[in-house]
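Each chain is listed here by its residues.
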Amino acid sequence: MDFFEKQKEQSHIKSEIVKKYFWAWGKIIGCRAPKIAYIDLYSGPGIYIDGSKSTPILVLENALRDELMSQKLVAIFNDTDPKFTVSLEQVISEIPDISKLKNKPTVMNITVGQDLVDEFKSLVLIPTLLFVDPWGYKGLTLELIGSVLKDWGCDCIFFFNYVRINAGLNNAKFDCHIDSIFGKERAQELRKVISKTRPHKREEVILTYLKDALKEIGGEYVISFKFFKTEKRLTSHFLIFVSKSPLGYKIMKGIMAEFSSHKYQNVATFEYNPHRVDYGFFQPTPLDDLIQDLLSKYSGQRLTVEEIFQSHNIGTPYIESNYKEALLSLEESNMIYANPTSDKRQKRNGKPTMSNNVIITFKKPQ
C-alpha cells in the first residue's frame, strides 16, 4: 500500500502535534517579529487518497484562522518527488481563502543536502519552525538542524526513524548517514557502547546520544514522543522536538502529553501505543515519585510554584499540572506550607487551586 493512500493514526497524531505547536509558536513569535517561517522539507502531496489532509495543509489552514499570522507567515514546502509537489500546489490552491495569505506559499522540488545546509548557514533566518520528515533518514543531519537552530526564534521538529537507525549502527554501509546524524566522533563512540548494550537498553542509549548531539549545536531543550508499531509492541520511530527556548519546551511538552495514549496518575507516557499495557500489580506511580523527589530536592527551601516547575521539569515527563497536583497533595498531608493558605485561594469544584505565584515552603525532615 502506498504511504499516502490512507492516513494511519500515527501520521494523524504527528500532524496534529506539529499543527498545534505551529499555532502556539506562531502566535507568540508573531507578536515580536515582522515575519515568521514554516519550512517543511519533505512535504508530500498535501492530501491522502482517502481525503485526509497532511501537515502542510493543516498548517496553512491554521494560519488563515488568524489575521496576524496570515500576514506574517512565509511558508516553504519541498519534496524530492515532482509528482508530490504538483499535487501539493494544486491542493494548496484549493484551500478556501488561500489568497488571504500575504505571502504566497512556495513549493520546491530539490534534494535536501549540503547545498541547502550551506544556504541556511549563510543566512540570518527569520524565526522559523523547521519540520523534517524524511521517509527514512537520508537528508536528516545534525548540520541541517544546527543551520536553522542557530538563529533567534527557530525551532525544529523531526522524524527519527529508530528502526532503521538502530539497524544502521551495525552496518558499515550506513556509517556516513549515521555519522551525519550524531556527529562522527559521537557516532563512533555510540557504536562501541551499543555493541555492549543489552537489546532492551539500546533505545535509551541511542536517544541519550542523540540528545547530547542536539545540545552540542544549541538545542538545549529536547523532547521525544515515541510511536509503537501497529502490529507489534515494538518501537517504530520518534518525533523529536528541539529548541533553545524553555517556553517552547513547555508548550510542546503539554501538547505531546495531550496526545499520549496512556497516562498513569495523570502523568503522560509521551507515547503512541495502540497495544494494551498491563503492568498487573505493579502499575507505574510517577506522581508518587515526583512527590518524593520534590520533598528530597527542596527540603527546607522556599520557592514559588513557578520556580519549582522551572527548576525541576526539564528532562522529566512532568507538565505544570502534575506539579500542582503533587503540591496540593503535599499541602493536604501537611508536608509543606503554602502562602496564601488553601482557605484563602480560589476554589475549583470545591477544591483549592495552586497558582504559579503561590509560595511553597518545604519542611525539613524531623
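Note: the structure precedes this text.
The structure contained in this document is the topic of the report that follows. (Residues numbered from 1 in each chain as written. Predicted model: local features only at pLDDT ≥ 70, side-chain atom pairs only at ≥ 80, totals over all residues. Heavy atoms only, no water.)

By the secondary structure assignment, F238 is in strand β7 (residues 235-243). With relative accessibility at 2%, the residue F238 sits in the buried group. Separated by 54 residues in sequence, F238 and K184 have C-alpha atoms that sit 22 Å apart. The residues contacting F238, other than those within four sequence positions of it, are F158, F159, F160, Y162, E203, L207, S224, F225 and K226. (Helix = DSSP H or I, 4+ residues; strand = E, 2+ residues; numbered from the N terminus. Buried < 20%, exposed > 50% of the residue type's maximum accessible area, 1.4 Å probe, protein only. Contact = heavy atoms within 4.5 Å.)

Once that is clear, we can look at the sheet that holds strand β2 (residues 73-78). The mixed open sheet is built from 8 strands, whose spatial order is β3-β2-β1-β4-β5-β7-β6-β10. Each edge of the open sheet carries a strand with a single partner, namely β3 (106-108) and β10 (271-272). Taken together, the 3 bridges between β2 and β3 define a ladder with parallel strand orientation. Its bridge partner lying in β3, I76 is registered against T106. (Pairing = 2+ DSSP bridges.)

Right, let's get into the pattern of salt bridges. One pass over the structure, following the stated rule, counts 18 salt bridges. D66 is the salt-bridge partner of K27, the closest N and O atoms lying 2.6 Å from each other. A residue pair is termed long-range when its members are at least 10 positions apart, and K27 in helix α1 (residues 9-29) and D66 in the loop between α2 (55-64) and α3 (67-72) qualify at 39 residues. With a closest N to O distance of 2.8 Å, E61 and K53 form a salt bridge. Using a relative accessible area of 38% as the deciding quantity, one classes K53 as partly exposed. Linked by salt bridges that have partners in common, D175, D179 and R191 make up one network. (Salt bridge = Lys/Arg side-chain N within 4 Å of Asp/Glu carboxyl O.)

To continue, consider the pairing of strand β5 (residues 155-160). Of all 6 residues in β5, 6 are buried; the element is thus mostly enclosed. Bridge analysis of strand β4 (residues 128-132) against β5 gives 4 bridges, and the strand direction is parallel. Of the residues in β5, the one forming a bridge with F131 is I157. Sheet topology note: the β5/β7 ladder contains 5 bridges and is antiparallel.

It is worth spelling out α2 at this point. Among the 10 residues that make up α2, 8 are buried, leaving the element largely enclosed by the rest of the structure. Turning to α2, its buried residues are T55, P56, I57, L58, V59, L60, N62 and A63. As for α2, its buried residues are in contact with α1, β1 (36-40), α3, β2, α4 (82-93) and β4.

Turning to the packing of helix α13 (residues 305-312) against helix α14 (residues 320-332), a few remarks are in order. Running from N to C, α13 and α14 cross one another at 125 degrees; their axes reach a closest spacing of 10 Å. On the basis of their axis angle, the class for α13 and α14 is oblique. Along this stretch, α13 crosses α14, giving a crossing that reads as right-handed. Between α13, through V305, E306, I308, F309 and H312, and α14, the contact on the second element is made entirely by E320, Y323, K324 and L327. A per-class count over the contact of α13 with α14 returns 5 nonpolar, 1 polar and 3 charged. (Axes fitted to C-alpha atoms, helices over the stretch in contact; angles between N-to-C directions. Parallel < 35°, antiparallel > 145°, perpendicular 65-115°, else oblique. Left-handed = near helix turned anticlockwise from the far one by under 90°. Nonpolar A, V, L, I, M, F, W, Y, C, P; charged D, E, K, R; others polar.)

One can find S260 in the loop between α11 (246-258) and β8 (263-264). Judged by its relative accessible area of 10%, S260 falls in the buried class. Leaving out residues up to four positions away in the same chain, S260 has contacts with F225, A268, T269, F270 and E271.

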